[in-house]
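Each chain, letter by letter, is given below.
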Amino acid sequence: MKKRTLWLAGLWCGQALAAPPQVVLHAAPSTSDRKLHGRFLHITDIHPDPYYAEGTSQSSQCHRKEPSDNDQRAGYYGTPFGTCDSPWSLTNITFEHLEEHWSSEIDFVIWTGDNARHDEDHEIPRPLDEVFALNRAVAKKMEDVFLKKGIPVVPSLGNNDVWQLSSAWQRTRNTLSPGPNEITDEFASIWDAFIPSGFKTSFRDGAYYALEVIPDALAAISLNTMYFYHNNKAVRGCLVGDASDPGNLQFDWLEEQLEMFRARQMQVWVTGHIPPSDYHYFPECYYRYAELSLRYQDVILGSLFGHLNVDHFYFVEAADLNISPEKDGMVPHSSEGTIFEALMTNFKALAKGSKHLNYDDYAVVTVSPSLVPNPYLPSFRVFSYNISGLGSTTVGAVGEDEYLLMTKKERASRWKHLPYRHGNDGNDGRQCMGAGYRDSWRCKLRPWRSDSHAPSRQNTLWTPLGYAQYYIPQLEEYDEKDGPKFKLEYLTFPISSLHLTEGPVPLRNLPKSLREAGVTESELAPYELRDLTIPSWLDLACELGKPREKKLRKRFKKYMYMGGEDI
């Protein structure tokens, strides 16, 4: 095993080695010459803790020994199913593993925030300079392992990456004021190598940007979800008519970006930290997110988020935009019961109406589990996407590829002839005249068109095909002399696809039980989804929604919580 370098040395000086900045349209030569793999990494919620100490008590956030504490003691590489953050040993070994096994196999990295410890230990408060220093340390690792090899990295701001002082000089959690401010300025510096040159100035205004990870073909949009988050009391919640609200400004910008990418016939991944829902977002922010997700379903391949540390997926639905006084008076479903129970309730409703589902009415949100073993196990996932048909084998040549240009031309021609629908069709015009709804985004919906042949709907160029998820089981058994290894937890692909030429997962990163052709069944392939299009996700949801599918539900729940307790 390679010798591990501790990051803690020099952490507080806040220095990071320079790396070539990412650009929107003109990639550096090293980026252009990279082989195109059709894969990308999603990693989230790393939460390194410089005060973590082996053998300490969870009641002290694994910072001190508490004599009366009978809980599991802190392990060398972390405390599984616990309440503590990540030791540097776990963070280091994760990046060593990614460099050795994946840095030569992926095209870009989605990194969705929370790179500082939780502020839960009142004896060791978390100051802002520590938050910045921890983020600089993780950013340097991202630069060394990926960016210096020409692999684009797309970071997003997490709720634990920010806080500010109130007028009484008290720390305020989950708070980010409209930019520019100290936090957006500092992250513009920390992520200088990651932010495209065309967004460096605007990033200071709101900490969001877009990056063409494959120039002229595929982009990632990094949202600052703190401006939508209902716990952020420094913003006003995307109210209609509030043009200066940072949430509204961000959605206006997002719409411009999506319209521009549509005009260029590009595809987009939308990324961020806090996943969109009527429970986590201000209501009007959620309505804007849902409307844009559906109106640009032909452009958006999917939405990737973290924050909840629980592996799951769900849907943004057109029905969420309908006005229903009865529903509006109810408690948001996500606050009742566990996440699993809420999902099964929603999936059961989908299953009952499965014969009448209209794919135009749905967008998919996937939430990845965390690297921090709080409250489960360290994890990351690698997505595969469709690059078949391209004659180009390097990233820089894709933009001028004949097959890509032909595909763009066909999509543009088809788009011109698609009919408009939706808008305010689901709402009663009389209700929109009432004071309670007149100033809601649900009464300001624009008509939109949907393309059943878009990559989010049909397996074609750039369509997400599936993912493989890796984790560290038995984390507590490892020590300094015996380091842990990431293992495949499960994958979504059909087993039959694993041994195709240029398969979705490099054979060397599969367990021995899946490396040889002829295997037809495995617990590691519980879903065997043909792809990750909206129809495929809805098919899986409908199957899970059937009460008789007890075995499938049990597997889903097992992977969702990694064998731990429900939350």
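Anyway, here's the lowdown on the structure attached to this text. Per chain, the residues get numbers from 1 upward, laid out in the order the sequence is written. Whole-chain, interface and lining totals are the exception, using all residues; otherwise, since this is a predicted model, local features are given only for residues with pLDDT of at least 70 and side-chain atom pairs are given and counted only at 80 or more. Side-chain descriptors were evaluated using all non-hydrogen atoms of the structure, hydrogens and water having been removed beforehand.

Attention now goes to the overall build of the protein chain. Only DSSP runs of H or I with at least four residues qualify as helices, and only runs of E with at least two residues qualify as strands; both kinds are numbered from the N terminus onward. Check the secondary structure of the protein chain and you find 14 helices and 16 strands. Burial classes follow relative accessibility: with a 1.4 Å probe on protein chains only, a residue under 20% of its type's maximum area counts as buried, one over 50% as exposed, and anything between as partly exposed. Taken over 567 residues, the protein chain has a buried fraction of 60%. The contact criterion used is simple: two residues touch if any of their non-hydrogen atoms lie within 4.5 Å. At a minimum sequence separation of 6, the contacts of the protein chain that also span at least 24 residues come to 78%. Each accessible area is a Shrake-Rupley result for a 1.4 Å probe, and residues are judged covered by the shown protein chains and nothing else. A total of about 23,000 Å² of accessible surface is found on the protein chain, and carbon and sulfur atoms cover 51% of it.

Take the sheet that holds strand E11 (residues 362–367) next. Here, any two strands with at least 2 DSSP bridges between them count as paired. Strand order in this open sheet of 6 strands is E6-E7-E8-E9-E11-E10, and the pairing throughout is mixed. Looking at the sheet topology across the chains shown, the edges are occupied by strand E6 (209–214) and strand E10 (312–317). Within this sheet the neighbouring strands show an average axis-to-axis angle of 25°, counted without direction. Two elements, E10 and E11, share 6 bridges in a ladder whose sense is antiparallel. Residue His312 lies in a different strand from E11, and its bridge partner there is Val367. Every angle, taken between N-to-C directions, lies between 0 and 180 degrees, and every axis is a line fitted to C-alpha atoms, over only the stretch in contact when it is a helix. Helix-sheet contacts for helix H6 (residues 246–263) involve E6, strand E7 (218–222), strand E8 (267–271) and strand E9 (300–305), and the interaxial angle to E7 is about 180°. Together, E10 and E11 form the strand contacts of helix H13 (residues 534–544), whose direction differs from that of E10 by roughly 110°.

Okay, the sheet that holds strand E1 (residues 39–43) next. Taken together, 6 strands build an open sheet; the order of strands is E3-E2-E1-E12-E15-E16 and the sheet is mixed. The open sheet terminates on both sides in strands that have one partner only, identified here as strand E3 (153–155) and strand E16 (487–491). Averaged over neighbouring strand pairs, the angle between their axes works out to 25° when direction is ignored.

For the rest of this paragraph, the subject is the packing of aromatic side chains. Classification of ring pairs rests on two measures: the distance between centres of Phe, Tyr or Trp rings, Trp counted by its six-membered ring, which must be within 6.5 Å, and the angle between planes, read as stacked under 30 degrees, edge-to-face over 60 and tilted in between. Using the criterion set out here, one finds 37 aromatic pairs in the structure. Consider the rings of Phe315 and Tyr362, whose centres lie 6.0 Å apart with planes at 80°: the pair is edge-to-face. Of the two residues, Phe315 sits in strand E10 while Tyr362 sits in strand E11, which places them 47 residues apart along the sequence. A ring has a charge above it when a Lys NZ or an Arg CZ is no more than 6 Å from the ring centre and no more than 35 degrees off the ring normal. Directly above the ring of Trp441 sits Arg288, whose terminal nitrogen or CZ lies 4.2 Å from the centroid. Geometry around Tyr467 places Arg381 over its ring, the cationic atom sitting 3.9 Å from the centre.

We count a salt bridge whenever a side-chain nitrogen from Lys or Arg sits within 4 Å of a carboxyl oxygen from Asp or Glu. Tallied over the full model, the rule gives 28 salt bridges. The partner of Arg117 in a salt bridge is Glu130, and the shortest N-O contact between them spans 2.5 Å. You can see Arg117 sitting in the loop between strand E2 (108–111) and helix H3 (128–145) and its partner Glu130 sitting in helix H3, a full 13 residues away along the chain. Overall, Arg117 belongs to the buried group, its relative accessible area being 0%.

The next subject is the state of the cysteines. Here, the term disulfide refers to a pair of cysteine sulfur atoms separated by no more than 2.5 Å. Scanning the entire structure with this criterion turns up 3 disulfides. Across the disulfide, Cys238 is cross-linked to Cys285 (sulfur-sulfur distance 2.0 Å). Handedness here is read from the sign of the S-S torsion; for Cys238 and Cys285, about 90°, the answer is right-handed. On the criterion of sequence distance, the pair formed by Cys238 in the loop between E7 and H6 and Cys285 in helix H7 (residues 283–295) is long-range, its members being 47 residues apart. As far as the burial class goes, Cys238 and Cys285 line up, both buried. Note on cysteine connectivity: Cys432 is disulfide-linked to Cys443, with sulfurs 2.0 Å apart. Here the disulfide of Cys432 and Cys443 is left-handed, its torsion about the S-S bond being about -85°. With Cys432 in helix H11 (residues 429–432) and Cys443 in the loop between H11 and strand E14 (447–448), the pair connects residues that are 11 residues apart, well separated along the chain. On the accessibility criterion, Cys432 (16% relative accessible area) is buried. Residue classification places Cys443 among the buried residues on the basis of a relative accessible area of 12%.

Right, let's get into H3. A rise of 1.5 Å per residue sets the reference length of H3, with its 18 residues, at 26 Å; its end C-alpha atoms lie 26 Å apart and thus fit the reference within 8%. For H3, the buried fraction is high: 15 of the 18 residues fall into the buried class. A helix is expected to span 1.5 Å multiplied by its residue count minus one.

Right, let's talk about the side chain of Gln61 for a bit. As for its position among the elements, Gln61 is in the loop between E1 and helix H2 (88–101). By relative accessible area, which is 15% here, Gln61 ends up buried. Each residue touching Gln61, except ones within four places of it in the same chain, is listed here: Asp49, Thr83, Cys84, Glu120 and Asp121.

Pro180 follows Gly179 through a cis peptide bond whose omega is 0°. With respect to the helices, strands and loops of the structure, Pro180 is situated in the loop between strand E5 (171–173) and helix H4 (182–190). Here the residue pair Asn374 and Pro375 is connected by a cis peptide bond, since its omega of 10° sits within 30 degrees of zero. Relative to the elements of secondary structure, Pro375 occurs in the loop between E11 and strand E12 (379–385). With a phi close to 65°, Cys62 is a non-glycine residue in the positive phi region. One can find Cys62 in the loop between E1 and H2. Overall, the relative accessible area of 0% leaves Cys62 in the buried class. A positive phi angle, near 50°, is found at Gln474, a position not held by glycine. Topologically, Gln474 is positioned in the loop between strand E15 (464–471) and E16.

With that settled, the discussion passes to the packing of H6 against H7. Interhelical geometry of H6 versus H7 gives an angle of 0° and a closest axis separation of 11 Å. One way to sum up the angle between H6 and H7 is to call them roughly parallel. Residues Asn248, Phe251, Asp252, Leu254, Glu255 and Arg262 of H6 lie in contact with H7, whose contacting residues are Cys285, Arg288, Tyr289, Leu292 and Arg295. Charged means Asp, Glu, Lys or Arg here, nonpolar means Ala, Val, Leu, Ile, Met, Phe, Trp, Tyr, Cys or Pro, and polar covers whatever is left, Gly included. Taken together, the residues of the contact of H6 with H7 break down into 5 nonpolar, 1 polar and 5 charged. Any angle that is under 35 degrees is reported as roughly parallel, and any over 145 degrees as roughly antiparallel; angles of 65 to 115 degrees are reported as roughly perpendicular and all others as oblique.

Read these as spatial facts, not as claims about activity.
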